[in-house]
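Understanding the architecture of this molecule
Okay, here's what each chain looks like letter by letter:
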Amino acid sequence: MSAKSDIQQTPTFQASAKAYLDNTQLRRNIGHATHTIRDKRQKIVDEKPDWEALREAGNKIKQRTMRHLDRYLLQLEESVQRAGGTVHWARDAEEANRIIVDLVKQQQVEEVVKVKSITTDEIKLNKALAGEGIQALETDLAELIVQLAEDEPSHILVPAIHKNRAEIRELFKKKLNQKELSDRPEDLAEAARLYLRKKFLSAKVGISGANFAVAESGTISVVESEGNGRMCTTLPETLITVMGIEKLIPTWRDFEVFMQLLPRSATAERMNPYNSFWTGVTEGDGPQEFHLVLLDNGRTNVLGDEVGRQTLNCIRCSACLNVCPVYERTGGHAYNSVYPGPIGAILTPQLKGLEDDGVASLPYASSLCGACYEVCPVKINIPEVLVHLRGKIVDKKKRGAGLKNKMDEEHIGMKLMARAFKKRSRYERAQKIARVGQGFFERDGTISKLPGQLSGWTAMRDLKPIPKQTFREWWKERDNDE
């Protein structure tokens, strides 16, 4: 059996997207939500005359952090330990789950409460806990909706963006035993609040993610809008934070930049309603046992790629999802990853590798329009990384295909184009040949059908014919007339 067949292959983005494109209700839900968030974000960003300077500052801080990540991580470990916390290093998902499950089992509990859990979704922590008879309760409203529906998140910031109020009402009536319930947001939130409050008050263990960790002080930060994070990180006796190693910032002062960038880009707010910071443990105040699990899970491999490294600058605002025309039409489930949208299309392949055809399809889940780069608060050049990863995939296919690849029509076509583009005289000759050849396909001023592999271009769009006169030809004629 080949090595490739040993790997459990996920569906490609293209195959998954077809099913979701047929779901008109899902497209309406996502389209309405993303346009609403997008418009609100633009208004709040326009209030900041120094917005571009803030983006540049965020980019520079993150670049510096990634360059010296080894030093800052050791500084963070020392700071957390000095404050009374314990640091655990996890090379991969399996090791992280083993550490967390052992910590929870030591507390002899059957249930834990969770907040900001996308990193724990990445390592499938809930499944690992369930295997030991421990239930993990999601407390973010959207995460709770997804969990009760036995569904998967479809958005980084708004995991239940694919569901509307009527669907949530029916879910709560069934799962929370709410017989009389309207679909007003206030009533839905109140139903969730009543359900969760009992869980918060009885929880002995809380598990959180992290938005930021400060190397110099050992401070961990979670920003959110509902107050559930505050409950998870203060009420339980034991708090376990699971954090990707890239979430570091060097100094407390760096919050000056990121606490302006993140809320505006994420929730279109000047400041999140709840901003929680904790440093180690304090006797008689909050959790009396704090554990920080630092997760690698492929991140050091990303650091080794000079182009791809910028992906780790991400602060999980999800602004790129809200402007992406591809995500808007397919939703997050088509990506088959906890990280959907443009950022997921470059993060997942780098974390998981390109051996899985489904993962390797993600860099092609983009029109390369550049909208994601324009809104990214830390200036990640997502289109650049997408093209970079596509190049890696093509090179990998070349090595695997050998002679067969060299005879491939697309490969031959690209070689001929590269040869034509290298020399002006060849390029102009190719233009003249194409101008003559297009006569066989041009109808009423458009080209609506091309032969062979070129038919992919005209399957969904018409092409304009090559003009009868190029700019250079016009310019030369103009000079001659003068």
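**Some words on the overall build of the protein chain**
- From N to C terminus, the protein chain includes 25 helices and 12 strands.
- Here the C-alpha coordinates of the protein chain stretch approximately 90 × 60 × 55 Å along the principal axes.
- Per-residue burial for the protein chain yields a buried fraction of 48% across its 482 residues.
- In the protein chain, of all internal contacts separated by at least 6 residues, the share reaching a separation of at least 24 is 73%.
- Accessible surface, the protein chain as shown: approximately 25,100 Å² in total, 52% of it carbon and sulfur.
- Averaging the positions of the 72 positive and the 66 negative side-chain charges in the protein chain gives two centres separated by 6 Å.

**Some words on a nonpolar patch on the surface**
- A surface patch of nonpolar side chains, amounting to about 430 Å² of accessible area, comprises Met414, Met417, Phe421 and Tyr427.
- Within the secondary structure, Tyr427 sits in helix α23 (residues 424-437).
- A relative accessible area of 31% means that Tyr427 is categorised as partly exposed.

**Some words on the pairing of strand β6 (residues 219-224)**
- With six of six residues buried, β6 is to be regarded as a mostly interior element.
- Both faces of β6 are covered, namely the face carrying Thr219, Ser221 and Val223 and the face carrying Ile220, Val222 and Glu224.
- Bridging between strand β5 (residues 212-214) and β6 involves two bridges; their strand directions are antiparallel. Paired with Ala213 across the bridge in β6 is Ile220.
- Counting the residues between successive antiparallel strands, the hairpin from β5 to β6 contains four residues, one of them, Gly218, with a positive phi of roughly 80 degrees.
- Across six bridges, β6 lies against strand β9 (residues 274-279) in antiparallel orientation. If you follow Val222 over to β9, its bridge partner there is Ser276.

**Re the pattern of salt bridges**
- Tallying each qualifying case throughout the model produces 26 salt bridges.
- Its salt-bridge partner being Glu47, residue Arg270 comes within 2.6 Å of it at the nearest N-O pair. Of the two residues, Arg270 sits in the loop between α13 (255-266) and β9 while Glu47 sits in the loop between α3 (24-45) and α4 (51-67), which places them 223 residues apart along the sequence.
- The shortest N-O distance in the salt bridge between Glu246 and Arg316 comes to 3.0 Å. Note that Glu246 is positioned in the loop between β7 (238-244) and β8 (248-249) and Arg316 in the loop between α14 (299-303) and α15 (319-323), a separation of 70 residues in sequence. The exposure classification of Glu246 matches that of Arg316, with both residues buried.
- It is possible to trace a salt-bridge network through shared partners that takes in Glu122, Glu246, Arg299 and Arg316.

**Brief notes about empty space enclosed by the protein**
- Evaluation of the coordinates by the stated rule reveals five cavities of 30 Å³ or more.
- Taken as a whole, the largest cavity encloses approximately 100 Å³ of empty space.
- Residue composition of the lining of the largest cavity, by class: 12 nonpolar, one polar and one charged.
- Estimates place the volume of the second largest cavity at around 50 Å³.
- Around the second largest cavity sit Cys320, Val323, Cys324, Pro325, Pro342, Ser366, Ser367, Leu368, Cys369, Gly370, Ala371 and Cys372, which together line it.

**Remarks on the environment of Leu368**
- Position of Leu368 among the secondary structure elements: in the loop between α18 (357-360) and α19 (371-375).
- Residue Leu368 is classed as partly exposed on the basis of its relative accessible area of 34%.
- Taking the C-alpha atoms as reference points, Leu368 and Val214, 154 residues apart in sequence, are found 34 Å from one another.
- Here Leu368 is in contact with Pro383, Leu386, Val387 and Arg390, once residues within four sequence places are set aside.

**Some words on the packing of aromatic side chains**
- Counted under the stated rule, the structure contains 11 aromatic pairs.
- Measuring from centroid to centroid gives 5.2 Å for Phe255 and Phe277, while their planes differ by 85 degrees, and the two rings are edge-to-face. Linking Phe255 in helix α13 with Phe277 in strand β9, this pair joins segments that are 22 residues apart in sequence.
- Judged by relative accessible area, Phe255 falls into the buried class, the value being 6%.
- Judged by its relative accessible area of 34%, Phe277 falls in the partly exposed class.
- Measuring from centroid to centroid gives 5.8 Å for Phe471 and Trp474, while their planes differ by 40 degrees, and the two rings are tilted. Of this pair, Phe471 and Trp474 both sit in helix α25 (residues 471-481), three residues apart, roughly one helical turn.

**Points about the sheet that holds β8**
- Reading across the sheet, the four strands line up as β8-β5-β6-β9 and stay open at both edges, with mixed pairing between neighbours. Looking along the sheet, the strands with just one partner apiece sit at the ends: β8 and β9.
- Relative to β8, β5 runs parallel, the two sharing two bridges. Following the sheet pairing, Ala213 is matched in β8 by Leu248.
- Of the strands in this sheet, β5, β6, β8 and β9 are in contact with α13, which crosses β5 at around 175 degrees.

**Here we look at the pairing of strand β2 (residues 111-115)**
- Across the five residues of β2, four count as buried, placing the element largely inside the fold.
- Across four bridges, the pairing between β2 and strand β3 (residues 135-138) is parallel. Residue Val113 lies in a different strand from β3, and its bridge partner there is Leu137.
- Looking at chain direction, β2 and strand β4 (residues 205-208) are connected through three bridges and run parallel. Pairing of Lys114 across the sheet is with Ile207, part of β4.

Each value, and the rule that gives it
Residues numbered from 1 in each chain as written. Predicted model: local features only at pLDDT ≥ 70, side-chain atom pairs only at ≥ 80, totals over all residues. Heavy atoms only, no water. Helix = DSSP H or I, 4+ residues; strand = E, 2+ residues; numbered from the N terminus. Buried < 20%, exposed > 50% of the residue type's maximum accessible area, 1.4 Å probe, protein only. Contact = heavy atoms within 4.5 Å. Areas by Shrake-Rupley, 256 points an atom, 1.4 Å probe, with all protein chains shown as cover. Lys, Arg positive; Asp, Glu negative; His and termini not counted. Charge placed at Lys NZ, Arg CZ, Asp CG, Glu CD. Patch = residues over 30% accessible without salt bridge, like charges linked within 9 Å, V, L, I, M, F, W, Y side chains within 5 Å. Salt bridge = Lys/Arg side-chain N within 4 Å of Asp/Glu carboxyl O. Pairing = 2+ DSSP bridges. 1 Å grid on protein atoms, 1.4 Å probe; cavity = no way out; pocket = protein on both sides within 12 Å on 5 of 7 lines; lining within 4 Å. Points joined across faces, edges and corners; volume = space filled by probe spheres on them. Nonpolar A, V, L, I, M, F, W, Y, C, P; charged D, E, K, R; others polar. Phe/Tyr/Trp six-rings, centres within 6.5 Å; stacked < 30°, edge-to-face > 60°. Axes fitted to C-alpha atoms, helices over the stretch in contact; angles between N-to-C directions.

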